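# Results of the structural survey
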Amino acid sequence: MEQFIISVGREFGSGGRHIAEELGKRFNIPVYNRHLITEIAEKTGLAHEEIEKYNESPKSKLLSRTVRGYSNSIEDNIAEMQFEFIREKAQSGESFVVLGRCSESKLKGHPALISLFVLADMDAKIKRIMELYELSEDKAKAFIDKKDRKRKRYHNYHCSSHWGDSRLYDLSINSTRLGIDGTIDHLESYIRARIRK
Amino acid sequence: MLTAQILAVAIFVIMFGVMISEKIEKHWVTLGAGVLTIILVFGVAMQSRDALFETLNLKGIITKDFWITSGEGGESSTGINWATIIFLGGMMIMVEGMAKAGFFRWLCLKLAKLVNYKPIPLFLTFMIMSAVLSMFIDSITVILFLAAVTIELAKLLKIDPVPMILAEVFCANLGGSATMCGDPPNIIIGTGLGYSFFDFLTNTGVIAGICLVFIILYYYIIFRKAILPKAGEKIDFSTIPNPSDAIESKKDFTISCVIFAIAVVLLVTHSMTGLTVAFIGTFIAIITLITAGKNVLIILKKVDYQTLIFFTGLFIVVGGLEQTGILEAIASFIGKISGGNIYIMVAVIMWISAIASAFVDNIPFAATMLPIIKSLAGTNSPMLSCLAWTLSIGTDICGSATPIGASANVVGTSIAAKKGYPIGWGKYCKSAAPATVIVITVSMIYVFIRYCGGVEV
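Residues numbered from 1 in each chain as written. Chains lettered and ligands numbered in written order. Predicted model: local features only at pLDDT ≥ 70, side-chain atom pairs only at ≥ 80, totals over all residues. Heavy atoms only, no water.

The next point concerns the overall build of chain B. A tally of helices and strands in chain B yields 23 helices and zero strands. Along the first, second and third principal axes, the C-alpha set of chain B runs to 70 × 50 × 45 Å. Distance between charge centroids for chain B: 11 Å, based on 28 positive and 25 negative side chains. (Helix = DSSP H or I, 4+ residues; strand = E, 2+ residues; numbered from the N terminus. Lys, Arg positive; Asp, Glu negative; His and termini not counted. Charge placed at Lys NZ, Arg CZ, Asp CG, Glu CD.)

It is the rolling of a water-molecule-sized probe over the atoms that shows where space remains empty. Residue and element names in this part refer to chain A. Taken as a whole, the second largest pocket holds about 500 Å³ of empty space. Lining of the second largest pocket is provided by 26 residues; of these, R10, F12, R17, K147 and R151 occupy positions nearest its centre. Elements represented by at least two residues in the lining of the second largest pocket include exactly α1 (16–27), α3 (48–54), α6 (122–133) and α7 (137–158). Looking at side-chain class alone, the lining of the second largest pocket contains five nonpolar, eight polar and 13 charged residues. (1 Å grid on protein atoms, 1.4 Å probe; cavity = no way out; pocket = protein on both sides within 12 Å on 5 of 7 lines; lining within 4 Å. Points joined across faces, edges and corners; volume = space filled by probe spheres on them. Nonpolar A, V, L, I, M, F, W, Y, C, P; charged D, E, K, R; others polar.)

Taken together, the contact between chain B and chain A spans 29 residues of the former and 19 residues of the latter. Summed over both sides, the interface of chain B with chain A buries roughly 2,200 Å², with 57% coming from carbon and sulfur. The largest share of the area that chain B buries against chain A comes from E22(B), I404(B) and K418(B), three residues that together contribute 25% of it. Here chain B and chain A share two salt bridges between them. (Contact = heavy atoms within 4.5 Å. Buried area = accessible area lost by both parts, 1.4 Å probe. Salt bridge = Lys/Arg side-chain N within 4 Å of Asp/Glu carboxyl O.)

Where two aromatic rings form a pair, the distance of their centres and the angle of their planes describe that pair. With the rule as written, the count across this model stands at 32 aromatic pairs over all chains. Taking the centre distance of 6.5 Å and the plane angle of 50° together, the rings of F83(A) and Y154(A) count as tilted. Linking F83(A) in helix α4 (residues 74–91) with Y154(A) in helix α7, this pair joins segments that are 71 residues apart in sequence. On the basis of an interplanar angle of 70° and a centroid distance of 6.4 Å, the ring pair of Y195(B) and F200(B) is categorised as edge-to-face. Accessibility assignment for this pair places Y195(B) and F200(B) in one class, buried. An aromatic cluster of at least three residues, connected via ring pairs, comprises F103(B), F104(B), W106(B), F136(B), F145(B), F197(B), F253(B) and F260(B). The side chain of K106(A) reaches across the aromatic face of F83(A), ending 4.6 Å from its centre. (Phe/Tyr/Trp six-rings, centres within 6.5 Å; stacked < 30°, edge-to-face > 60°. Buried < 20%, exposed > 50% of the residue type's maximum accessible area, 1.4 Å probe, protein only. Lys NZ or Arg CZ within 6 Å of the ring centre and 35° of its normal.)

Moving on, we come to helix α10 (residues 184–193) of chain B. α10(B) sits mainly inside the fold: 10 of its 10 residues count as buried. Count one or two residues on from α10(B) and you reach G194(B), which has phi positive near 75°.

Residue and element names in this part refer to chain B. Enumeration according to the criterion identifies four cavities of 30 Å³ or more in this entry. Space inside the largest cavity adds up to approximately 160 Å³. In this structure, the largest cavity is lined by 14 residues; those nearest its centre are G97, D252, S256, A292 and I299. Looking at the lining of the largest cavity, the elements that each hand over two or more residues are α5 (82–101), α13 (250–268) and α15 (277–292).

Residues and elements named next belong to chain A. The side-chain alternation of strand β5 (residues 96–99) yields two buried faces, one formed by F96 and V98 and the other by V97 and L99. Note: strand β2 (residues 31–32) against β5, two bridges, orientation parallel. Bridge pairing in β5 places V31 opposite V97. (Pairing = 2+ DSSP bridges.)

On the surface, K61(A), K146(A), R149(A), K150(A), R153(A) and K23(B) cluster together to form a positively charged patch. Take K150(A): it is sitting in helix α7. By relative accessible area, which is 31% here, K150(A) ends up partly exposed. (Patch = residues over 30% accessible without salt bridge, like charges linked within 9 Å, V, L, I, M, F, W, Y side chains within 5 Å. Areas by Shrake-Rupley, 256 points an atom, 1.4 Å probe, with all protein chains shown as cover.)

Here it is in structure tokens:
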């Protein structure tokens, strides 16, 4: 496999972002997360903060309408730009890691796609978020729930499949079992095996 | 009858809810709701074949009056409004032909060149062009091309396209209200009540014209500084595309201009010639397809069949409300709360239309309100026309207030966002909501002065 695209879906607090970045380093390929926002900002002239504000956010159904495929929702338009961007990158033959953005569904059928989903036990997620954001246990739990609800709504609105459904991904992995580093090692060997095939 | 009424209302409310949720495409929603109306309301609850056939309204199409009428009011007024659907289909085919030939892009670039690409004249010209084009062509198509060219030119001229797009969208909705074919609610009202193109032009057309003057002035005042380029910006005029580059084939371009001219002439004169809008739509579609040559399939594929299906389902659902007497009950309620006072009736219809159209699609609203105003007016013809013009203005113009009130708003804001100029609710409503209030106030005063005095309730 000359080109390979690693799509990483993740639960909030599971370490998915760190895992994606680490995989990018190990395979020496770009990771499209923040970088995706920068590229779109450069392409459209939109402010970084503006894209960030609507990034991976579900739209408000009451305040938006779609006419002949055109939507007034800024969230929808930013999402479409990101989908278009990852499709173009995939089409160009480039290898990369992409975090979220419904990439496992938007690139479905692409021969270079390796789709992963990282989940974790709630206790482990709470511990991680408490440390990262300096939050109390209750607040960390509420924060995780809110973020995951948002990701789920975003994903399920833009795709016909359900976020986190194991049938959607080549591999779903619980990062609590092997720890973050162990999970990265395991995923690296899985990806190498896929590339060799 | 009570079961039928409950079912008809439930189907209508659920249809609206599902449409807003956008879980299923709206044409399938209305079609599904239409099928449910046929089965549950007409079949199970009413067990009335007559109500079903009246709503399906197929008999009307094979009568001569459906195509050529000797007087007014020859077209159907209850159930599926086939005249509206056939006319819209015909105009869609014509517009696709024009777009393929590069007509809209050429027109935008040509006018921009004529005003020497100066921001203020360009701003004013595009507002007027948006209103005028929308009188004959659906506002979605107008904004689709106008917004794209506006952004392209604004980038080259180093100006902000957002104020221009906001003003163009408002003017497209305003222009659409001026004629019978400008906005779908007007086609529904016109064909439902047997009004002609000329009737609209001399009534809503005058109101729209007066409002346009106020609106141009308003947008000029609020945006005159925002659309000027920053001091010191250098503009390379050689990069601006030439209007002639927009034309792919001169032959196709000439043909599409001629067909458009024929459509305008036929529409303007249809009360004299007796040709109905259904005839005009069919005729225009046929000549577009005959002259399209090998492009026939491309044009036919691009027609927005979803909208036509949407209309068919919608008319059946509204037919269910009509046949079960729900709309009559709403009409008598409006009659009661207004105490028979025409001024209050006008104000109620205008503001209900305005508020509803600002948040929900104005097409189902107009289709539902039409039988209500017919029932309110009964045989009182001056009252009917007074309420019809009020409904038309209320539904057409007041959709401008929010980004989701009318199709043109959605398309305009979407194109802007895709090109890097997101327009949120705040930015949109800041200029459009006051503009809408101006327009409603001016229209209401006009309707009071011109029509209400002569109406005896």
